[in-house]
Every structure is written in C-alpha cells, then in structure tokens.
Amino acid sequence: MSLPKITVVGSGQFGTALAKVASFTGKYRVSMLTRSEDVEVCVNQIRRNPTIYTEFKLHPNIIATRDTDEALKDTTMIIGCLPAQITPKWLEENKDKIPLDVPFVNCAKGMIVEKEMFMSQWVEKLFDGKMKYCMLSGPSFAEEMMREFPTLVVVASKDQKVAEYVQTALSSKFFRCYTQEDVIGVEVAGALKNVIAIGAGLLEGFGFGYNTISGLISVGSAEIQKFATIYKANPRTFFGLAGIGDLMLTGFGKLSRNRTFGSRIAKGEKLDYILENSPTVEGLPTLNVVMKYIESHDINCPIIKVIYAVVHGKLNKEQAMEKLMLRPARAEEFDYGVSEIGKE
C-alpha cells in the first residue's frame, strides 16, 4: 500500500524546504509541483534541485512534476509555496482541480495587491468558504530548514482539527508546529514584518547599529498591532511565533530578502534595478497596499510612512531620521487597540 501524499506547490526556496519537511519522517510521499523541466528531471533522477540549494540531497519520497493534475491526484494536503502575488492566479486557474476536502496550507506572506486582501479573505470569496484553509508562519528561513536547524512555526486555522492534522503531518525532530485560530492575525503579522524588515535594512544600509535597528523593530511591532485593529486580530498573536518571532528573524537576519532590499536602497541602488535583478521581495507590494489602508483609516504609523517615503525616493537619510526622531514627545503605550487609531 502506497504512502499518503502531500502536494507542495512551488519549487523555489520555501517550496524545496517544505518538501523536505513533509518528507522528513518518511511517512508521506511528496509531489512537488514545478514549472521547470530541469527541476523535474534533476529532482527525480539525482535527488537535487538544480536551481536552489544544490548541495542538499532530497528525500527519495519527493517526486517533482509539471503536471498539476498529477500533483493533486489523491493528495491529503496541499502546501502553497508560491509568492503572495502569484498564489491567487494559481488558485483561480486551478479552482476546479483543487480538492476541498483536504487542507490548503498557505505559506505566502503578503497582501494581494490586485485584490487589496489577505489570502484568507480571497480564498473565502473564491471558494465560498469551503476550503480548509490554513496559514503557516513563523521564524523560518528556508536555508536553515534545509540544514535541519530546529525551527518553530505556527499553523493557524479556524478549524482546530484541520490545524492539528497539519501539525501532526509536518512536525518532526527539527520542525515543530504549534496551532492557533487567529488566521487573519497571523497573516497580518507575516505580511507586515516584511515591511518593517525593509526598514531595518534601510537603517543597516545607512550605517546605523543595533540600537537603532532594535528601536525600529520594537516600535514597528506596535505599528503592526495598530494596523491589525482594522481586522480585529487577536493582540496576543503579535507576541508569538508569527509576530515578534518572525519579526526578529526578518529584521536582524542576514538571509532576509526584505532586509537586504532595504539595505541596497539605502546604499543608493535604484528601485527598478533591484526589482529586475533580485529574488521576490514580498514586502514591497505589501508596503504599497498598507500605505493606502493607513491613510484611509487614519492610523498613525510614522515608521511605515517613512519606510515608504525612503523606498520611493521621497526622503533621504537625514530627512527620514529627522521625521522620526523629532516627532512630538509622548509616553510609551502598550494598548494598541482601537483607541490608537489617529493618535499622535
């Protein structure tokens, strides 16, 4: 009798890492859906992804395919590892092929620019609330997962049994899953930590040190919580793995693409050039959408506003620091609820 199957959509950094996670215990066979013929051939013949992490040999239970029907056939779980701006298109194109009786685990962190929604909101609309949707998030660099460094994440679902199913399937001696129910909170945390990470990169590129970056990350966490009041997220989420855990990793970690992007901007590289010659930077499209919401809902998020202005060439280093450091003095507050909206 064949092993139960898990489908991983995407063969990039996180797709490859999640395929490893799903195959690690040997209890599942993994179908990794890819667009690349080279990836399909190399994974199946020499057990390596020729485009990323070539030094790591993959588990023999992982089979790569370019055939969506084959990837989804008889699957017990779908793990989506495409970027946030690509995932909605894939879901729309394959709406009639995706089985709704198995969990769909989204790993993309960001707001959907065209829809101005988080993924759970779009999925709810697209599938009439019938998809068993989960959000996987937390401090999890793909390269460190490939190296089997102990990694802790959270799986959020409105259905506790679905979250527990995913937890049981993916947990191993190096990958530990926790469950919770605040799906939108986990999505907000995962998306906006990329925005704050861009800010951390800007500070690093400007030549500042840990004092400055730590301050930005701390107050940036507060701004994320303020933004989350729009969606009535659980404030506790932002003190957990998906919140401060992922924010610290992305803000300080040198493997962070968003942090690297911010650093390159600060050092004078042009935005268009970076976007044309770099991996996906999830934080940039999210930053642009978040700015609309901040302005339309009158939320006081000075750090996010300054990050936006610097990235788009509207403020230089000196102007940005003056705008943040010379704001009117006020007390530190910890109640980032509705009372904070519009407050200076």
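Refer to the structure above for everything that follows.
Residues numbered from 1 in each chain as written. Predicted model: local features only at pLDDT ≥ 70, side-chain atom pairs only at ≥ 80, totals over all residues. Heavy atoms only, no water.

A. Examining the pairing of strand β5 (residues 103-106) more closely. Burial along β5 is two-sided: P103 and V105 and F104 and N106, pointing in opposite directions, are all buried. As judged from the three bridges shared by strand β4 (residues 75-80) and β5, these two strands associate in the parallel manner. Considered in β5, the bridge of G80 is made with N106. Following the chain from β4 across helix α4 (residues 87-93) to the adjacent parallel β5, one finds a crossover that is right-handed. Bridging between β5 and strand β6 (residues 132-137) involves four bridges; their strand directions are parallel. The residue of β6 that forms the bridge with N106 is M135. (Buried < 20%, exposed > 50% of the residue type's maximum accessible area, 1.4 Å probe, protein only. Helix = DSSP H or I, 4+ residues; strand = E, 2+ residues; numbered from the N terminus. Pairing = 2+ DSSP bridges. Right-handed = clockwise from strand over helix to strand, strands pointing away.)

B. Representation of the packing of aromatic side chains within the structure. In the structure shown here, the tally under the stated rule is nine aromatic pairs. A network of ring pairs unites the aromatic residues F118, F227, Y231 and Y293 as a single cluster. The residue whose ring lies beneath K317 is F208, and the NZ or CZ to ring-centre distance is 4.9 Å. (Phe/Tyr/Trp six-rings, centres within 6.5 Å; stacked < 30°, edge-to-face > 60°. Lys NZ or Arg CZ within 6 Å of the ring centre and 35° of its normal.)

C. Summary view of the nonpolar core. Counting 78 residues, the largest nonpolar core has L91, V188, F227 and I304 as its most contacted members. At 14 residues, helix α8 (residues 183-206) tops the list of elements feeding residues into this core. Among all residues touching L91, those that are not within four sequence positions of it are I98, F104, M119, V123, L126, F127 and M131. (Core = buried A, V, L, I, M, F, W, Y, C linked by side-chain atoms within 4.5 Å. Contact = heavy atoms within 4.5 Å.)

D. How the structure looks around the pattern of salt bridges. Here the structure, examined in full by the defined rule, presents 11 salt bridges. With a shortest N-O distance of 3.9 Å, E55 and R147 are connected by a salt bridge. With a gap of 92 residues between them, E55 in the loop between α2 (37-46) and β3 (62-65) and R147 in the loop between α6 (142-146) and β7 (151-156) connect regions that are remote in the sequence. Between K115 and E92 there is a salt bridge, with its nearest N and O atoms 3.8 Å apart. In this pair, K115 sits in the loop between β5 and α5 (119-126) while E92 sits in helix α4, placing the two residues 23 residues apart along the sequence. The partly exposed category is assigned to E92, whose relative accessible area is 39%. Via salt bridges that share partners, E55, E143 and R147 belong to a single interconnected network. (Salt bridge = Lys/Arg side-chain N within 4 Å of Asp/Glu carboxyl O.)

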